[in-house]
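Chain and residue survey
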Amino acid sequence: MSKYIFVTGGVLSSLGKGVTSASIATLLQHSGLRVSMVKIDPYINVDPGTMSPFEHGEVFVTEDGAETDLDIGNYERFLNKNLNKKNNFTTGQIYLSVIEKERRGDYLGKTVQIIPHITDEIKRRIKDVAKDVDVVVVELGGTVGDIEGLPFLEAVRQIKHEVGKNNAMFVHVTLIPYIKAAGELKTKPTQHSVQELRRIGITPHMIVARTEKPLPKALKEKLADSCDIDRDSVIEAVDAPTIYQVPLNFLNQDILKPIARQLDLGELYPDMSEWNFLVKKIISPQKEVKIAFVGKYLKLKESYKSLIEALIHSGAHLDMKVNIDWVDSESLEKMSDEEIKERFSEVSGILVPGGFGERGVDGKLKAIKYARENKVPYLGICLGMQLAVIEFARNILGLKYANSQEFDPDTSEPVVYLIDEFIDASGQKQIRTHTSPLGGTMRLGGYECLIKQGTKLYEAYKKDRVIERHRHRYEVNSKYEKELEKHGMIVSGKSKEGLIEAVELKNHPWFVGVQFHPEFSNKLKNPNRVIMSFVENAYKCKK
Ligand code: GLN
């Protein structure tokens, strides 16, 4: 019988429910249990693919090509395993499938309602993930009390009944605010949100209390008594120096004891030695390096979540702190060559991440030109690779009008272009044009990249084929391949069908562009090799 842990949020959002859920799952996994996770998002969008990065942070892409919530990225990085489409769903997806069933006539003339039809669909999806594992940790997005969250709470309440008392557990993540003027930690908001949960039939078994200050024993006991939970089941979550410290902090408070008791799991002894080692390296590494991160979604750093984490992970494995120098690409646009030089004078590597739309592109091109000419290690990801090719075509091949059809659909030199036909990850033919809808028309998910031996890319991966994840509409145009290679740009990776997946420069210490997003396959225990190689080479060229 699979066990279920449901994680709800109280008081307000942004309390780190995702990290809490992932931390609990990680401890169980390191105790030898087979674990999976589900993130439920109560919004109506079918997936976050069409949301602005400013609105929702990064869109994380799974290997099977789903555009998911960024928490799925956290889960993968913690659990060191790939998740898929099934591990994240939204209200939009639930309603879409129920309405499709209704249109097909599957409900045999019944009136279709939230209970039971919507709740049944929710339960079906959660159980579907649970069936292959010992424990599934389900994070319910939003805060208890939100209208959108009600059907989900109702569904998980029903699951509790269906699977029996010792197979389901509720963990409530809340805030214990510290009121400066009174010099006091306050439990009232938590009491209220627990009351709200109980009103709908859910009694939490554990409270994870986010707090700025450690909770005194008496306060923990008060919280336990007033919320009707066991005294060993109030877990304090103070701000940690790194999110990877959180499972260790939980373990120090014996979090597994009440979990094992509730779920009948016997004694659990997680082996966190490797994890512990990596956390130590994140917190106090020996070496340091500074990388310029040239992006345009800098107002919300969550837009680059996976990449930021990947740099941290590379650092952990290289015993190095990777300091990020955030560079707003638009700020480079009006700078002279001298000013650009000055701006980058202290960095050892330049990174241009993925992006969409024309804004900020000229600034990125300037950063790339600087990296190429001054032999500064460069990593270009997706748009960062496409722009590296455009820069090279303009300034080395002399193709003044070289451009991407994304920015100029009628460009006379479409060095980056829209392919109108390709075979997608599931082997199906996809057709697209400039007028195709934006949702679901990108090259998405894991594709094989064949790597040329003797290249920097090969040196990084030490393999001649890798699977990496994609999220883009445009491609580097093979028509220019010969000309690019003649002038010193090497095509170091290609897809099976011959699409250009990676480029690099011959006469440069380390200049690599990849069409895929290496940050999506990156894990704490298994850092991505291109990103790590970039950091390593930046350090070697350190000024
Ligand atoms: N905008 C580019 C494309 O769609 C690059 C996308 C990206 O960087 N993820 O091809």
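Right, let's walk through the structure included here. Keep in mind that what you see is a predicted model, and the values were worked out from it rather than measured.

**Some points on the pattern of salt bridges**
Across all of its chains, the model carries 42 salt bridges by this definition. The partner of glutamate 485 in a salt bridge is lysine 452, with the nearest N and O atoms 3.7 Å apart. On the criterion of sequence distance, the pair formed by glutamate 485 in helix H18 (residues 481-486) and lysine 452 in the loop between strand S20 (443-451) and helix H17 (456-461) is long-range, its members being 33 residues apart. Using a relative accessible area of 26% as the deciding quantity, one classes glutamate 485 as partly exposed. Lysine 452 sits in the partly exposed class, given a relative accessible area of 39%. Three or more residues joined by partner-sharing salt bridges are found here, namely Lys39, Asp41, Asp69 and Asp71.

**Considerations on the pairing of strand S14 (residues 349-352)**
Covered by surrounding structure in S14 are Gly349 and Leu351 together with Ile350 and Val352, the residues of both alternating faces. Pairing analysis gives 3 bridges linking strand S12 (residues 287-295) to S14, with the strands arranged parallel. The residue bridging phenylalanine 293 from the neighbouring strand is leucine 351, located in S14. Where S14 lies against strand S15 (residues 378-381), 3 bridges are found, and the strand directions are parallel. Residue leucine 351 lies in a different strand from S15, and its bridge partner there is leucine 379. Handedness of the crossover joining S14 and S15 through helix H15 (residues 361-373): right-handed.

**Observations concerning the nonpolar core**
By size, the foremost hydrophobic cluster in this structure holds 49 residues, and its most contacted members are Ile5, Leu28, Phe250, Ile255 and Ile259. Broken down by element, the residue count for this core peaks at 6 residues, all from helix H1 (residues 17-29). Residue contacts for isoleucine 255: discarding those within four places in its chain leaves Ile24, Leu27, Met206, Ile235 and Phe250. Counting 43 residues, the second-largest nonpolar core is a separate cluster that includes Val347, Val352, Ile390 and Val476.

**A look at the sheet that holds S12**
Read across the sheet, 9 strands follow the order S13-S12-S14-S15-S25-S24-S23-S20-S21 without closing on themselves; strand pairing throughout is mixed. Lying at the two open borders of the sheet, with one neighbouring strand each, are strand S13 (320-328) and strand S21 (465-472). With direction set aside, neighbouring strand axes in the sheet form an average angle of 25°. Bridge count for S12 against S13 is 9 bridges, and the pairing is parallel. Counterpart to isoleucine 291 in the pairing with S13 is isoleucine 324. Sheet strands touched by helix H16 (residues 383-395): S14, S15, S21, strand S23 (489-494), strand S24 (500-505) and strand S25 (511-514). Its angle to S15, the strand with the most contacts, is close to 115°.

**Remarks on the packing of aromatic side chains**
For the coordinates displayed, the defined rule picks out 13 aromatic pairs. Taking NZ or CZ as reference, lysine 213 lies 4.7 Å from the ring centre of tyrosine 178, over its face. The ring centre of tryptophan 326 lies 5.0 Å from the NZ or CZ of lysine 301, which sits over that ring.

**Concerning the packing of helix H4 (residues 91-104) against helix H5 (residues 114-130)**
H5 packs onto H4 with a crossing angle of 115° between their chain directions and a minimal axis gap of 10 Å. The interaxial crossing formed by H4 with H5 has right-handed handedness. For the pair formed by H4 and H5, the contact residues are Gln93, Ile94, Tyr95, Ser97, Val98 and Lys101 on the first element and Ile114, His117, Ile118, Glu121, Ile122, Arg124 and Arg125 on the second. Looking at the contact of H4 with H5 residue by residue, the classes come out as 6 nonpolar, 3 polar and 4 charged.

**Comments concerning the side chain of histidine 313**
Among the secondary structure elements, histidine 313 is positioned in helix H12 (residues 305-318). Of the residues examined, histidine 313 reaches a relative accessible area of 0% and is grouped as buried. If sequence neighbours within four positions are ignored, histidine 313 has contacts with Arg77, Tyr244, Asn522, Lys523, Leu524 and Pro527.

**Brief notes about the sheet that holds strand S7 (residues 168-175)**
Spatially, the 7 strands line up as an open sheet ordered S5-S2-S6-S1-S7-S10-S11, and their pairing is parallel. Where the open sheet ends on each side, the last strands, each with one partner, are strand S5 (88-90) and strand S11 (234-238). Between one strand axis and the next, the sheet turns by 20° as a mean value, whatever way the strands run. Sheet topology note: the strand S2 (residues 35-41)/strand S6 (residues 135-140) ladder contains 6 bridges and is parallel.

**Notes on the site of the ligand**
The local shell around the ligand consists of Gly354, Gly355, Phe356, Cys382, Leu383, Gln386, Glu406, Arg471, His472, Arg473, Tyr474 and His517. Between glutamine 386 and the ligand, the recorded distance is 3.1 Å, taken from a side-chain N or O atom to an oxygen atom. The side chain of glutamate 406 places a nitrogen or oxygen atom 2.6 Å from a nitrogen atom of the ligand. In the shell around the ligand, the residues fall into 4 nonpolar, 5 polar and 3 charged.

**Description of helix H10 (residues 256-263)**
Of all 8 residues that make up H10, 6 are buried, and the element is covered over most of its length. Those residues of H10 lying buried are Leu256, Pro258, Ile259, Ala260, Gln262 and Leu263. Aspartate 264 lies just past H10 and shows a positive phi near 55°.

**Things to note about the environment of isoleucine 255**
Checked against the element boundaries, isoleucine 255 lands in the loop between helix H9 (246-252) and H10. Given the relative accessible area of 0%, isoleucine 255 is considered buried. Sequence spacing of isoleucine 255 and valine 234 is 21 residues, and the spatial spacing of their C-alpha atoms is 8.8 Å.

Definitions and limits used
Residues numbered from 1 in each chain as written. Predicted model: local features only at pLDDT ≥ 70, side-chain atom pairs only at ≥ 80, totals over all residues. Heavy atoms only, no water. Salt bridge = Lys/Arg side-chain N within 4 Å of Asp/Glu carboxyl O. Helix = DSSP H or I, 4+ residues; strand = E, 2+ residues; numbered from the N terminus. Buried < 20%, exposed > 50% of the residue type's maximum accessible area, 1.4 Å probe, protein only. Pairing = 2+ DSSP bridges. Right-handed = clockwise from strand over helix to strand, strands pointing away. Core = buried A, V, L, I, M, F, W, Y, C linked by side-chain atoms within 4.5 Å. Contact = heavy atoms within 4.5 Å. Axes fitted to C-alpha atoms, helices over the stretch in contact; angles between N-to-C directions. Phe/Tyr/Trp six-rings, centres within 6.5 Å; stacked < 30°, edge-to-face > 60°. Lys NZ or Arg CZ within 6 Å of the ring centre and 35° of its normal. Left-handed = near helix turned anticlockwise from the far one by under 90°. Nonpolar A, V, L, I, M, F, W, Y, C, P; charged D, E, K, R; others polar. Near = heavy atom within 4 Å. Polar contact = N/O pair within 3.5 Å; in protein donor to acceptor, adjacent residues only side chain to side chain.

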